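Chain by chain, the residues run as shown.
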Amino acid sequence: MTRLALGGALAAALALAGCVSPQGPPAPVSRPTTPTAPPAAGAPVSSPPLGPVRAPRVTLPPAPAPLAAPPAGATAQQQGVRPGPAVTALGISDAEARSALAAFRISCRSLVRRTDNSGLTRGADWQPACDAAASWRDGDAINFFPRYFETAIVGEGKAFATGYYEPEIKGSRTRRTGYEVPIYGRPDDLIEVDLGLFADDLKGRRIRGQAKDGKLIRYPDRAAIVGGAIDGRAPVIAWAADPIEFFFLQVQGSGLIDLPDGGRMRVGYDTQNGREYTGIGAFMRDRGLLQPGQSSMQGIMATLRAMPDGGASIMNENKSFVFFRELFGPGPLGALGLPVTGRTTVAADPAFVPLGAPVFLALDRVEATGLWVAQDTGGAIKGANRFDTFWGAGEDARRIAGGMSGRGNAWLLLPKGSVARLNAATVTGNGGPTPRR
(Lines give C-alpha, C1' and ligand atoms only; values in the text may rest on other atoms or scores of the structure.)
Protein backbone atom coordinates (compact mmCIF):
# COMPACT_ATOMS: atom_id res chain seq x y z
CA MET A 1 0.00 0.00 0.00
CA THR A 2 1.04 3.58 -0.30
CA ARG A 3 0.98 6.08 2.49
CA LEU A 4 1.42 9.72 3.43
CA ALA A 5 0.55 12.00 6.30
CA LEU A 6 -2.09 14.65 5.86
CA GLY A 7 -0.65 16.64 8.69
CA GLY A 8 -1.15 15.90 12.38
CA ALA A 9 -3.57 13.07 12.98
CA LEU A 10 -5.53 13.85 9.84
CA ALA A 11 -6.36 10.40 8.54
CA ALA A 12 -2.81 9.24 8.43
CA ALA A 13 -3.84 6.02 6.76
CA LEU A 14 -5.50 7.95 3.99
CA ALA A 15 -2.60 10.07 3.00
CA LEU A 16 0.06 7.65 3.91
CA ALA A 17 -1.40 5.00 1.74
CA GLY A 18 -1.02 6.41 -1.69
CA CYS A 19 1.00 9.52 -1.84
CA VAL A 20 3.04 10.50 -4.82
CA SER A 21 6.76 10.09 -4.55
CA PRO A 22 8.95 13.01 -5.62
CA GLN A 23 10.66 10.56 -7.96
CA GLY A 24 7.61 9.25 -9.76
CA PRO A 25 4.07 7.92 -9.35
CA PRO A 26 3.18 6.17 -6.12
CA ALA A 27 3.49 2.49 -5.56
CA PRO A 28 1.42 1.08 -2.72
CA VAL A 29 3.27 -0.09 0.31
CA SER A 30 2.22 -3.68 -0.05
CA ARG A 31 3.59 -4.71 -3.39
CA PRO A 32 3.03 -8.43 -3.90
CA THR A 33 5.28 -10.50 -6.06
CA THR A 34 3.97 -13.26 -8.29
CA PRO A 35 1.27 -15.05 -6.28
CA THR A 36 1.54 -18.70 -5.47
CA ALA A 37 -0.57 -21.27 -7.27
CA PRO A 38 -4.28 -20.96 -6.49
CA PRO A 39 -5.48 -23.20 -3.65
CA ALA A 40 -8.30 -25.65 -4.03
CA ALA A 41 -11.75 -24.13 -4.43
CA GLY A 42 -13.05 -22.80 -1.15
CA ALA A 43 -9.64 -22.76 0.54
CA PRO A 44 -9.68 -20.12 3.32
CA VAL A 45 -7.75 -16.89 3.09
CA SER A 46 -5.60 -16.44 6.17
CA SER A 47 -5.31 -13.11 7.95
CA PRO A 48 -1.89 -11.86 8.99
CA PRO A 49 -0.68 -12.85 12.46
CA LEU A 50 -0.83 -10.15 15.09
CA GLY A 51 2.10 -8.99 17.17
CA PRO A 52 2.04 -7.70 20.74
CA VAL A 53 -0.20 -5.11 22.36
CA ARG A 54 2.33 -2.64 23.70
CA ALA A 55 2.12 -1.09 27.17
CA PRO A 56 3.62 2.15 28.58
CA ARG A 57 7.36 1.95 29.25
CA VAL A 58 8.93 2.69 32.60
CA THR A 59 11.93 4.18 30.83
CA LEU A 60 13.00 4.85 27.27
CA PRO A 61 16.45 5.62 25.85
CA PRO A 62 17.34 9.32 25.83
CA ALA A 63 16.77 11.18 22.59
CA PRO A 64 19.76 11.29 20.23
CA ALA A 65 22.00 14.30 20.68
CA PRO A 66 21.28 17.07 18.15
CA LEU A 67 23.57 17.48 15.16
CA ALA A 68 25.66 20.55 14.55
CA ALA A 69 24.11 20.91 11.09
CA PRO A 70 21.10 19.37 9.34
CA PRO A 71 21.94 16.01 7.76
CA ALA A 72 22.32 15.95 3.99
CA GLY A 73 22.30 13.09 1.55
CA ALA A 74 19.89 10.89 -0.35
CA THR A 75 20.74 7.69 1.55
CA ALA A 76 21.48 6.69 5.11
CA GLN A 77 25.12 6.09 4.23
CA GLN A 78 25.42 9.62 2.84
CA GLN A 79 23.73 11.19 5.86
CA GLY A 80 25.95 9.22 8.21
CA VAL A 81 25.20 7.00 11.16
CA ARG A 82 26.04 7.28 14.84
CA PRO A 83 26.10 4.61 17.52
CA GLY A 84 23.03 4.48 19.73
CA PRO A 85 22.42 2.97 23.15
CA ALA A 86 22.95 -0.69 23.93
CA VAL A 87 20.15 -2.90 22.64
CA THR A 88 19.49 -3.96 26.24
CA ALA A 89 18.73 -0.31 27.09
CA LEU A 90 15.80 -0.15 24.66
CA GLY A 91 13.44 -1.90 27.02
CA ILE A 92 12.24 -4.48 24.50
CA SER A 93 9.52 -6.70 25.95
CA ASP A 94 9.39 -10.48 25.68
CA ALA A 95 6.29 -10.30 23.47
CA GLU A 96 7.87 -7.77 21.11
CA ALA A 97 11.05 -9.80 20.85
CA ARG A 98 9.16 -12.99 20.10
CA SER A 99 7.06 -11.39 17.34
CA ALA A 100 10.01 -9.48 15.87
CA LEU A 101 12.14 -12.65 15.81
CA ALA A 102 9.43 -14.47 13.85
CA ALA A 103 9.19 -11.56 11.38
CA PHE A 104 12.97 -11.33 11.12
CA ARG A 105 13.19 -15.02 10.19
CA ILE A 106 10.84 -14.31 7.29
CA SER A 107 12.93 -11.29 6.25
CA CYS A 108 16.12 -13.36 6.18
CA ARG A 109 15.03 -15.00 2.95
CA SER A 110 15.62 -11.64 1.29
CA LEU A 111 18.13 -9.91 3.59
CA VAL A 112 21.07 -12.14 2.78
CA ARG A 113 20.73 -11.71 -0.97
CA ARG A 114 19.09 -8.31 -1.45
CA THR A 115 21.06 -5.19 -2.40
CA ASP A 116 20.72 -2.69 0.44
CA ASN A 117 19.93 0.67 -1.16
CA SER A 118 20.63 2.49 2.10
CA GLY A 119 24.34 1.64 1.75
CA LEU A 120 24.49 0.52 5.38
CA THR A 121 24.84 -3.24 5.02
CA ARG A 122 25.84 -6.07 2.72
CA GLY A 123 24.07 -9.38 2.39
CA ALA A 124 26.88 -11.23 4.17
CA ASP A 125 26.53 -8.90 7.18
CA TRP A 126 23.17 -10.48 8.00
CA GLN A 127 24.23 -14.10 7.61
CA PRO A 128 25.30 -14.76 11.24
CA ALA A 129 22.06 -13.37 12.67
CA CYS A 130 19.94 -15.16 10.08
CA ASP A 131 21.70 -18.47 10.66
CA ALA A 132 21.15 -18.12 14.39
CA ALA A 133 17.51 -16.99 14.03
CA ALA A 134 16.60 -20.20 12.19
CA SER A 135 17.08 -22.30 15.33
CA TRP A 136 16.82 -19.70 18.12
CA ARG A 137 14.24 -20.59 20.75
CA ASP A 138 11.19 -18.32 20.71
CA GLY A 139 11.10 -18.40 24.49
CA ASP A 140 14.55 -16.78 24.57
CA ALA A 141 13.86 -14.19 21.84
CA ILE A 142 14.63 -11.36 24.26
CA ASN A 143 18.32 -12.35 24.19
CA PHE A 144 18.58 -12.75 20.43
CA PHE A 145 18.68 -9.07 19.53
CA PRO A 146 21.42 -7.96 22.00
CA ARG A 147 23.52 -10.93 20.87
CA TYR A 148 23.60 -10.05 17.18
CA PHE A 149 22.70 -6.38 16.84
CA GLU A 150 23.80 -2.88 17.75
CA THR A 151 21.75 0.31 17.48
CA ALA A 152 22.42 3.04 14.95
CA ILE A 153 21.06 6.57 14.56
CA VAL A 154 20.49 7.77 11.02
CA GLY A 155 20.68 11.54 10.60
CA GLU A 156 18.96 13.34 13.45
CA GLY A 157 17.12 10.23 14.57
CA LYS A 158 13.81 12.08 14.95
CA ALA A 159 10.98 9.83 13.78
CA PHE A 160 7.50 10.35 12.39
CA ALA A 161 5.15 7.38 12.06
CA THR A 162 1.71 6.87 10.58
CA GLY A 163 -0.32 3.67 10.24
CA TYR A 164 -1.89 1.38 7.67
CA TYR A 165 -4.05 -1.72 7.78
CA GLU A 166 -5.62 -4.39 5.58
CA PRO A 167 -9.16 -3.24 4.71
CA GLU A 168 -12.10 -5.62 4.57
CA ILE A 169 -14.83 -4.64 2.11
CA LYS A 170 -17.95 -6.31 0.75
CA GLY A 171 -17.70 -7.61 -2.80
CA SER A 172 -18.64 -10.33 -5.28
CA ARG A 173 -16.75 -12.27 -7.90
CA THR A 174 -19.62 -11.60 -10.32
CA ARG A 175 -21.65 -8.48 -10.95
CA ARG A 176 -25.01 -8.52 -9.21
CA THR A 177 -27.45 -6.11 -7.63
CA GLY A 178 -25.67 -4.17 -4.91
CA TYR A 179 -22.21 -5.09 -6.24
CA GLU A 180 -21.52 -2.81 -9.19
CA VAL A 181 -18.15 -1.13 -8.59
CA PRO A 182 -15.53 -2.85 -10.79
CA ILE A 183 -12.26 -3.91 -9.20
CA TYR A 184 -9.97 -3.90 -12.22
CA GLY A 185 -6.94 -6.04 -12.87
CA ARG A 186 -3.97 -4.83 -14.92
CA PRO A 187 -5.14 -3.28 -18.23
CA ASP A 188 -3.76 -4.90 -21.37
CA ASP A 189 -2.81 -1.50 -22.83
CA LEU A 190 -0.93 -0.15 -19.81
CA ILE A 191 2.79 0.27 -20.50
CA GLU A 192 5.32 0.59 -17.68
CA VAL A 193 8.76 1.99 -18.46
CA ASP A 194 11.83 1.62 -16.26
CA LEU A 195 13.68 4.86 -16.97
CA GLY A 196 16.83 3.47 -15.38
CA LEU A 197 17.30 1.35 -18.47
CA PHE A 198 17.87 4.53 -20.47
CA ALA A 199 19.93 6.72 -18.12
CA ASP A 200 21.88 5.97 -14.95
CA ASP A 201 20.62 9.13 -13.23
CA LEU A 202 17.03 7.88 -13.68
CA LYS A 203 17.52 4.58 -11.84
CA GLY A 204 14.58 3.75 -9.63
CA ARG A 205 12.15 5.91 -11.62
CA ARG A 206 9.28 4.52 -13.62
CA ILE A 207 6.54 5.99 -15.76
CA ARG A 208 3.29 4.46 -16.94
CA GLY A 209 1.11 5.28 -19.91
CA GLN A 210 -0.39 3.90 -23.11
CA ALA A 211 0.77 3.89 -26.72
CA LYS A 212 -1.01 6.03 -29.30
CA ASP A 213 0.21 6.85 -32.80
CA GLY A 214 3.68 5.61 -31.93
CA LYS A 215 3.94 7.78 -28.82
CA LEU A 216 3.63 7.08 -25.11
CA ILE A 217 0.84 9.21 -23.68
CA ARG A 218 -0.62 9.49 -20.18
CA TYR A 219 -3.02 6.81 -19.05
CA PRO A 220 -6.61 7.86 -18.20
CA ASP A 221 -7.07 9.34 -14.73
CA ARG A 222 -9.47 8.19 -12.02
CA ALA A 223 -12.46 10.18 -13.26
CA ALA A 224 -12.08 8.77 -16.78
CA ILE A 225 -11.62 5.20 -15.55
CA VAL A 226 -14.65 5.43 -13.27
CA GLY A 227 -16.55 6.79 -16.27
CA GLY A 228 -15.78 3.68 -18.31
CA ALA A 229 -12.69 4.78 -20.26
CA ILE A 230 -10.99 1.38 -19.98
CA ASP A 231 -14.01 -0.91 -20.20
CA GLY A 232 -13.02 -3.98 -22.18
CA ARG A 233 -9.30 -3.29 -21.79
CA ALA A 234 -8.91 -4.48 -18.19
CA PRO A 235 -10.23 -7.63 -16.53
CA VAL A 236 -12.69 -7.16 -13.68
CA ILE A 237 -11.53 -9.50 -10.92
CA ALA A 238 -14.40 -8.63 -8.54
CA TRP A 239 -17.19 -6.14 -7.94
CA ALA A 240 -17.29 -3.98 -4.81
CA ALA A 241 -20.47 -2.95 -3.03
CA ASP A 242 -19.34 0.52 -1.92
CA PRO A 243 -17.32 3.01 -4.00
CA ILE A 244 -15.97 4.77 -0.90
CA GLU A 245 -14.78 1.54 0.70
CA PHE A 246 -13.19 0.58 -2.63
CA PHE A 247 -11.43 3.96 -2.80
CA PHE A 248 -9.84 3.30 0.57
CA LEU A 249 -8.90 -0.20 -0.52
CA GLN A 250 -6.93 1.47 -3.32
CA VAL A 251 -5.36 3.85 -0.83
CA GLN A 252 -4.16 0.95 1.30
CA GLY A 253 -3.07 -1.12 -1.70
CA SER A 254 -4.35 -4.55 -0.65
CA GLY A 255 -7.21 -6.01 1.31
CA LEU A 256 -9.83 -8.68 1.89
CA ILE A 257 -13.13 -8.96 0.05
CA ASP A 258 -16.00 -10.54 1.96
CA LEU A 259 -18.08 -12.50 -0.55
CA PRO A 260 -21.86 -13.04 -0.42
CA ASP A 261 -21.46 -16.79 0.16
CA GLY A 262 -19.37 -16.17 3.28
CA GLY A 263 -16.04 -16.77 1.56
CA ARG A 264 -13.18 -14.34 1.20
CA MET A 265 -10.70 -13.35 -1.46
CA ARG A 266 -7.54 -11.33 -0.98
CA VAL A 267 -6.48 -8.76 -3.55
CA GLY A 268 -3.16 -6.96 -3.75
CA TYR A 269 -1.57 -4.15 -5.72
CA ASP A 270 -0.58 -5.05 -9.27
CA THR A 271 0.12 -1.67 -10.85
CA GLN A 272 -1.11 1.92 -11.06
CA ASN A 273 -2.14 4.29 -13.82
CA GLY A 274 0.89 6.56 -13.49
CA ARG A 275 -1.12 9.58 -12.40
CA GLU A 276 -0.22 11.75 -9.44
CA TYR A 277 -1.64 10.98 -6.02
CA THR A 278 -3.66 13.57 -4.11
CA GLY A 279 -4.44 12.92 -0.47
CA ILE A 280 -8.12 13.81 -0.27
CA GLY A 281 -7.97 14.35 3.49
CA ALA A 282 -5.60 17.29 3.03
CA PHE A 283 -7.67 18.47 0.06
CA MET A 284 -10.84 18.47 2.18
CA ARG A 285 -9.15 20.11 5.12
CA ASP A 286 -7.73 22.93 3.01
CA ARG A 287 -11.21 23.68 1.66
CA GLY A 288 -12.91 23.66 5.03
CA LEU A 289 -14.93 20.52 4.29
CA LEU A 290 -13.95 18.75 7.50
CA GLN A 291 -15.54 19.80 10.77
CA PRO A 292 -13.81 19.52 14.17
CA GLY A 293 -13.53 15.88 15.14
CA GLN A 294 -13.73 14.65 11.54
CA SER A 295 -10.01 14.54 10.81
CA SER A 296 -9.70 10.76 11.19
CA MET A 297 -10.14 8.40 8.28
CA GLN A 298 -13.54 7.47 9.67
CA GLY A 299 -14.54 11.15 9.77
CA ILE A 300 -13.44 11.65 6.18
CA MET A 301 -15.53 8.68 5.04
CA ALA A 302 -18.60 10.00 6.87
CA THR A 303 -18.15 13.41 5.26
CA LEU A 304 -17.92 11.84 1.79
CA ARG A 305 -21.11 9.86 2.35
CA ALA A 306 -23.00 13.01 3.33
CA MET A 307 -22.17 14.77 0.05
CA PRO A 308 -24.86 14.91 -2.67
CA ASP A 309 -22.71 12.92 -5.12
CA GLY A 310 -21.52 10.44 -2.49
CA GLY A 311 -18.07 12.02 -2.49
CA ALA A 312 -17.36 11.11 -6.14
CA SER A 313 -16.08 14.56 -7.10
CA ILE A 314 -13.73 14.64 -4.10
CA MET A 315 -12.38 11.14 -4.75
CA ASN A 316 -11.77 12.05 -8.38
CA GLU A 317 -9.38 14.77 -7.18
CA ASN A 318 -7.02 11.85 -6.60
CA LYS A 319 -6.14 11.04 -10.20
CA SER A 320 -4.20 7.93 -9.19
CA PHE A 321 -5.97 4.61 -9.78
CA VAL A 322 -4.70 1.26 -8.50
CA PHE A 323 -5.19 -2.05 -10.32
CA PHE A 324 -5.30 -5.33 -8.37
CA ARG A 325 -4.73 -9.04 -8.69
CA GLU A 326 -5.97 -11.88 -6.54
CA LEU A 327 -3.51 -13.25 -4.01
CA PHE A 328 -3.43 -16.76 -2.61
CA GLY A 329 -1.90 -18.20 0.52
CA PRO A 330 -0.62 -16.19 3.51
CA GLY A 331 -0.83 -12.45 3.24
CA PRO A 332 -0.86 -9.63 2.73
CA LEU A 333 2.60 -9.38 1.21
CA GLY A 334 5.07 -6.56 1.75
CA ALA A 335 7.68 -5.05 -0.53
CA LEU A 336 9.95 -8.07 -0.02
CA GLY A 337 7.24 -10.28 -1.52
CA LEU A 338 6.88 -11.96 1.88
CA PRO A 339 3.99 -12.03 4.39
CA VAL A 340 3.80 -9.13 6.83
CA THR A 341 2.78 -9.18 10.49
CA GLY A 342 0.23 -6.89 12.10
CA ARG A 343 1.66 -4.75 14.95
CA THR A 344 5.20 -5.82 14.01
CA THR A 345 5.78 -4.92 10.34
CA VAL A 346 6.68 -1.33 9.53
CA ALA A 347 7.10 0.32 6.14
CA ALA A 348 10.20 2.46 5.60
CA ASP A 349 12.20 4.18 2.89
CA PRO A 350 14.74 1.60 1.61
CA ALA A 351 17.19 4.44 0.93
CA PHE A 352 17.44 4.88 4.70
CA VAL A 353 16.52 1.51 6.21
CA PRO A 354 17.70 -1.93 5.04
CA LEU A 355 14.51 -3.80 4.18
CA GLY A 356 14.21 -6.64 6.68
CA ALA A 357 16.05 -4.83 9.48
CA PRO A 358 14.64 -4.44 13.00
CA VAL A 359 13.76 -0.89 14.09
CA PHE A 360 13.00 0.44 17.56
CA LEU A 361 10.57 3.38 17.77
CA ALA A 362 10.12 5.53 20.87
CA LEU A 363 7.07 7.66 20.11
CA ASP A 364 4.43 9.76 21.79
CA ARG A 365 1.99 6.98 20.92
CA VAL A 366 2.26 4.08 23.36
CA GLU A 367 0.77 1.52 20.99
CA ALA A 368 3.43 2.21 18.35
CA THR A 369 6.42 2.37 20.70
CA GLY A 370 8.67 -0.66 20.62
CA LEU A 371 10.40 -3.10 18.29
CA TRP A 372 9.30 -3.40 14.63
CA VAL A 373 10.72 -5.03 11.50
CA ALA A 374 10.99 -3.05 8.24
CA GLN A 375 9.33 -5.32 5.67
CA ASP A 376 7.49 -2.84 3.48
CA THR A 377 7.77 0.43 1.58
CA GLY A 378 5.45 3.13 0.31
CA GLY A 379 5.34 5.87 -2.28
CA ALA A 380 4.76 8.43 0.48
CA ILE A 381 7.16 6.92 3.01
CA LYS A 382 10.24 8.90 2.09
CA GLY A 383 13.26 10.11 4.03
CA ALA A 384 15.19 9.22 7.13
CA ASN A 385 13.21 7.95 10.12
CA ARG A 386 9.83 8.07 8.33
CA PHE A 387 7.79 4.97 9.12
CA ASP A 388 4.35 3.51 8.53
CA THR A 389 3.19 0.97 11.11
CA PHE A 390 1.06 -1.98 9.96
CA TRP A 391 -1.84 -3.01 12.20
CA GLY A 392 -3.34 -6.05 10.45
CA ALA A 393 -7.02 -6.46 9.55
CA GLY A 394 -10.27 -5.76 11.36
CA GLU A 395 -12.04 -2.83 12.97
CA ASP A 396 -9.42 -2.33 15.69
CA ALA A 397 -6.66 -2.16 13.09
CA ARG A 398 -8.72 0.26 11.03
CA ARG A 399 -9.34 2.51 14.03
CA ILE A 400 -5.69 2.64 15.13
CA ALA A 401 -4.23 3.07 11.64
CA GLY A 402 -6.78 5.71 10.69
CA GLY A 403 -5.66 8.00 13.50
CA MET A 404 -2.00 7.08 13.86
CA SER A 405 0.39 10.01 13.91
CA GLY A 406 3.35 9.52 16.23
CA ARG A 407 6.53 11.50 16.76
CA GLY A 408 9.67 10.62 18.64
CA ASN A 409 12.95 8.86 17.95
CA ALA A 410 14.15 5.86 15.99
CA TRP A 411 17.08 3.48 16.23
CA LEU A 412 17.98 0.94 13.58
CA LEU A 413 19.25 -2.46 14.69
CA LEU A 414 22.19 -3.37 12.45
CA PRO A 415 24.55 -6.34 12.59
CA LYS A 416 27.29 -5.77 15.16
CA GLY A 417 30.28 -3.89 13.78
CA SER A 418 28.28 -2.04 11.10
CA VAL A 419 28.56 1.44 12.62
CA ALA A 420 32.32 1.23 13.15
CA ARG A 421 32.83 -0.08 9.62
CA LEU A 422 30.71 2.67 8.08
CA ASN A 423 32.44 5.43 10.02
CA ALA A 424 35.86 4.03 9.20
CA ALA A 425 34.93 4.12 5.52
CA THR A 426 33.68 7.69 5.91
CA VAL A 427 36.92 8.88 7.47
CA THR A 428 38.92 7.46 4.57
CA GLY A 429 36.61 9.15 2.09
CA ASN A 430 34.85 6.07 0.82
CA GLY A 431 31.53 6.33 2.54
CA GLY A 432 30.11 9.79 1.93
CA PRO A 433 30.27 12.85 4.13
CA THR A 434 31.75 12.74 7.60
CA PRO A 435 29.00 12.14 10.16
CA ARG A 436 27.96 15.20 12.16
CA ARG A 437 28.04 14.51 15.87
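Residues numbered from 1 in each chain as written. Predicted model: local features only at pLDDT ≥ 70, side-chain atom pairs only at ≥ 80, totals over all residues. Heavy atoms only, no water.

K.L.:
Teacher, can you tell me more about the environment of D270 here?
P.N.:
Considering the arrangement of structural elements, one finds D270 in strand β11 (residues 264–272). For the pair D270 and R325, spaced 55 residues apart in sequence, the C-alpha separation works out to 5.8 Å. Excluding residues within four positions of it along the chain, D270 makes contact with R186, F323, F324 and R325. A polar side-chain atom of D270 sits 2.9 Å from a polar atom in the side chain of R186. (Helix = DSSP H or I, 4+ residues; strand = E, 2+ residues; numbered from the N terminus. Contact = heavy atoms within 4.5 Å. Polar contact = N/O pair within 3.5 Å; in protein donor to acceptor, adjacent residues only side chain to side chain.)

K.L.:
I keep staring at helix α4 (residues 127–135) and nothing clicks. Help me out?
P.N.:
Helical geometry: 3.6 residues make up each α-helical turn, so side chains three or four residues apart lie on a common side. Among the residues of α4, A129, C130, A132 and A133 are the ones counted as buried. The buried residues of α4 all sit within an arc of 165° when viewed along its axis, so they share a single face. Turned more than 90 degrees from where α4 packs its buried face, A134 and S135 sit exposed. Turning to α4, the residues buried within the fold contact α3 (94–111), α5 (144–148) and β2 (149–154). (Buried < 20%, exposed > 50% of the residue type's maximum accessible area, 1.4 Å probe, protein only. Arc of directions from axis to C-beta.)

K.L.:
Help me understand the side chain of R398, please; the structure alone is not making it clear to me.
P.N.:
Structurally, R398 can be placed in helix α11 (residues 395–402). By relative accessible area, R398 is classed as buried at 11%. When residues no more than four places from it in sequence are discounted, the contact partners of R398 are Y165, E245, M297, Q298 and M301.

K.L.:
What is the right way to read the state of the cysteines from this model?
P.N.:
Covalent bonding between the sulfur atoms of two cysteines defines a disulfide. Following the criterion strictly, the structure yields one disulfide and no others. Disulfide partner of C108: C130, at an S-S distance of 2.1 Å. Here the S-S torsion is close to -90°, and the disulfide linking C108 with C130 is therefore left-handed. In this pair, C108 is assigned in helix α3 and C130 in helix α4, connecting sequence segments 22 residues apart. Exposure class is identical for C108 and C130. Each is buried. (Disulfide = S-S within 2.5 Å.)

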